[in-house]
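# Observations on the model geometry
The lines below spell out each chain.
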Amino acid sequence: MPTPAHLDPRLLRAFVTVAEELHFTRAAARLYVAQQALSRDVRRLERELGAELFLRTTRQVTLTVDGERLLPHARRVLAAQDDLLAAFGQARPLLVDLNSPNLDTGRRVLGRARELAPDHELMARYESGLTRAAAELLAGLLDVSFGRFAGLAPALRAGLDHQLVRYEPMAVVLSEDHPLAAREAVPLRALAGETVYAGAGNTRTPEWTDLAHHLFAGRGIEVAPPAPLAVGEEEFERLMAKTGNPVLAVTGFAAMPRTVVRPLVEPVPLSPVSLVWRRGLAHPAFDAVRRAAAELAAERGWLLRPERAWIPAIDESISEPVTYVHH
């Protein structure tokens, strides 16, 4: 077995979990990853070691001789890593970016994670935008964030991992005197001819503006040109009154004074929300966050799509839902 210059502990953990379960589906559930992603990690480890670690048939998975030889070494490496994390994990909190106080996905995940890991400190902050947060994730200034992973630039995605958590139905925020405000839901075709604000020019949230461009393409809806970022309810209300432009949002967005939030329909556009972190992140509370996201997604049906749902093709190809199993 050749000796590689470096082995990612994540690959070793994938190997050990499959070796213990001898079943890729159960191992993926334990690790809260897609089975396809787990299989890729095992294949990558096999390539790096130049050895086949498992014999796979349609009926069973068994360890090869090289797999048996690797297993005790891998367990010792992971035990040492866990000891190291335990020693230093208490020195700092896990820093979790929730994007905005008006969004509840990250807040719910953080709340559940705190219940699962009561001995660890998980700190919330609000950066408002995955692109801005991604740069800080890569720099080690932030641990995890939430947002549309497929909307990040490829150079940013290359250093990050993600776990799809929720398909959030999208909505528009309307002034209460807007002609569409009287409707319980707004068909997309009713926005034809409208100019809708979707954060254009905000360097923190280009992934959101990109989603709007995908959604509005061919429907006669324009993305509003860049404007100064409105901070606070008063500024938001003033700018909405001045421009009259609807604002693209999600259905869980809290209405501001003199505005209403109306879901979009026909089709129902979905905003894919992922938990996002730096590859190789090691923190004793991190597993609790991933478990919390998985549990809530399963309990609340966050990954179920309504009939006539819409998401961009690039999100379909990048964001693979995970089948979660409760233990």
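Residues numbered from 1 in each chain as written. Predicted model: local features only at pLDDT ≥ 70, side-chain atom pairs only at ≥ 80, totals over all residues. Heavy atoms only, no water.

## Focus on the pairing of strand S3 (residues 94-97)
Note that S3 and strand S4 (residues 122-125) share 4 bridges and pair parallel. Across the sheet, the residue bridging to Asp97 is Arg125, located in S4. Each parallel crossover has a hand, and for S3 linked through helix H5 (residues 105-116) to S4 it is right-handed. (Pairing = 2+ DSSP bridges. Helix = DSSP H or I, 4+ residues; strand = E, 2+ residues; numbered from the N terminus. Right-handed = clockwise from strand over helix to strand, strands pointing away.)

## Some points on the confidence of the model for the protein
When pLDDT is low, close inspection of the predicted coordinates is not appropriate. Scored by pLDDT, the protein comes out at a mean of 86, with 90% of its residues at no less than 70. The lowest-confidence element of the protein is helix H9 (residues 233-243), averaging 69 in pLDDT; the highest-confidence one is strand S7 (residues 186-187), averaging 97. Note on residues 321-327: pLDDT is under 50 here. Beyond four places in sequence and across chains, it has 20 contacts. (pLDDT = per-residue confidence, 0-100. Contact = heavy atoms within 4.5 Å.)

## Regarding unusual backbone geometry
The omega torsion of the bond from Glu266 to Pro267 falls at -5°, within 30 degrees of zero and hence cis. Positive phi values are uncommon outside glycine, yet Leu22 reaches one of about 50°. Positionally, Leu22 belongs in the loop between helix H1 (9-21) and helix H2 (24-31). Its identity as a non-glycine residue notwithstanding, Arg308 has a phi of 55°, on the positive side. Mapped onto the elements, Arg308 comes out in the loop between helix H10 (286-300) and strand S13 (309-310).

## Quick look at the side chain of Arg166
Its location among the elements puts Arg166 in strand S6 (residues 160-175). Among the polar contacts listed, one links the side chain of Arg166 to the side chain of Asp104, at a separation of 3.0 Å. A polar side-chain atom of Arg166 sits 2.8 Å from a polar atom in the side chain of Thr105. Residue contacts for Arg166: discarding those within four places in its chain leaves Asp104, Thr105, Ser271, Pro272, Val273, Trp302 and Leu303. (Polar contact = N/O pair within 3.5 Å; in protein donor to acceptor, adjacent residues only side chain to side chain.)

## Let's talk about the environment of Ala224
For Ala224, the position within the fold is in the loop between strand S9 (222-223) and H9. When residues no more than four places from it in sequence are discounted, the contact partners of Ala224 are Thr195, Val196, Tyr197, Ala200 and Asn245.

## Section: the nonpolar core
Judged by nonpolar contacts, the single largest core of 28 residues is most densely connected at Val96, Val109, Leu122, Val144, Phe146, Leu275 and Val289. Broken down by secondary-structure element, the contributors of at least two residues to this core are S3, H5, strand S5 (144-147), S6, strand S12 (268-278) and H10. The element that contributes the greatest number of residues to this core is H10, accounting for 6 residues. The contact partners of Val109, leaving out residues within four places of it in the chain, are Phe146, Val165, Val289, Ala292, Ala293, Leu296 and Trp302. Counting 24 residues, the second largest nonpolar core, distinct from the first, contains Phe15, Val16, Leu45 and Leu63. (Core = buried A, V, L, I, M, F, W, Y, C linked by side-chain atoms within 4.5 Å. Buried < 20%, exposed > 50% of the residue type's maximum accessible area, 1.4 Å probe, protein only.)

## So, the packing of aromatic side chains
The final tally for this structure, using the stated rule, is 3 aromatic pairs. Summarising the aromatic geometry, the rings of Phe24 and Phe54 are spaced 6.1 Å apart at their centres and angled 70° between planes, so their arrangement reads as edge-to-face. Taken together, the residues Phe24 in helix H2 and Phe54 in strand S1 (residues 54-56) connect sequence positions 30 residues apart. Each member of the pair, Phe24 together with Phe54, is buried. Ring-pair connections join several aromatic residues into one group, and the members of that group are Phe15, Phe24 and Phe54. (Phe/Tyr/Trp six-rings, centres within 6.5 Å; stacked < 30°, edge-to-face > 60°.)

## With respect to the packing of H1 against helix H3 (residues 35-49)
When two helices pack together, their arrangement is given by the angle between the helix axes and by the axis-to-axis distance. Two numbers describe how H1 lies on H3: the axes approach to 9 Å, and their chain directions differ by 110°. Relative to H3, the element H1 lies roughly perpendicular. Where H1 abuts H3, its residues Arg10, Leu11, Leu12, Ala14, Phe15 and Val18 lie against Leu38, Asp41, Val42, Arg44, Leu45 and Glu48. Taken together, the residues of the contact of H1 with H3 sort by class into 8 nonpolar, no polar and 4 charged. (Axes fitted to C-alpha atoms, helices over the stretch in contact; angles between N-to-C directions. Parallel < 35°, antiparallel > 145°, perpendicular 65-115°, else oblique. Nonpolar A, V, L, I, M, F, W, Y, C, P; charged D, E, K, R; others polar.)

## Observations concerning the environment of Glu127
Relative to the assigned elements, Glu127 resides in the loop between S4 and helix H6 (130-138). Sequence spacing of Glu127 and Ser100 is 27 residues, and the spatial spacing of their C-alpha atoms is 7.0 Å. Residues contacting Glu127, with those up to four places away along its chain left out, are Asp97, Asn99, Arg132, Ala133, Glu136 and Arg204.

## Regarding the packing of H5 against H10
Where H5 meets H10, the axes come as close as 8 Å, and the angle between the chain directions of the two elements is 120°. As far as their axial angle goes, H10 and H5 are oblique. In this structure, the crossing between H5 and H10 has a hand that is right-handed. Each of Arg108, Val109, Arg112, Ala113 and Leu116 in H5 lies in contact with H10, whose residues at this interface are Ala288, Val289, Arg291, Ala292, Ala293, Glu295, Leu296, Glu299 and Arg300. Its residues placed into classes, the contact of H5 with H10 shows 8 nonpolar, no polar and 6 charged. (Left-handed = near helix turned anticlockwise from the far one by under 90°.)

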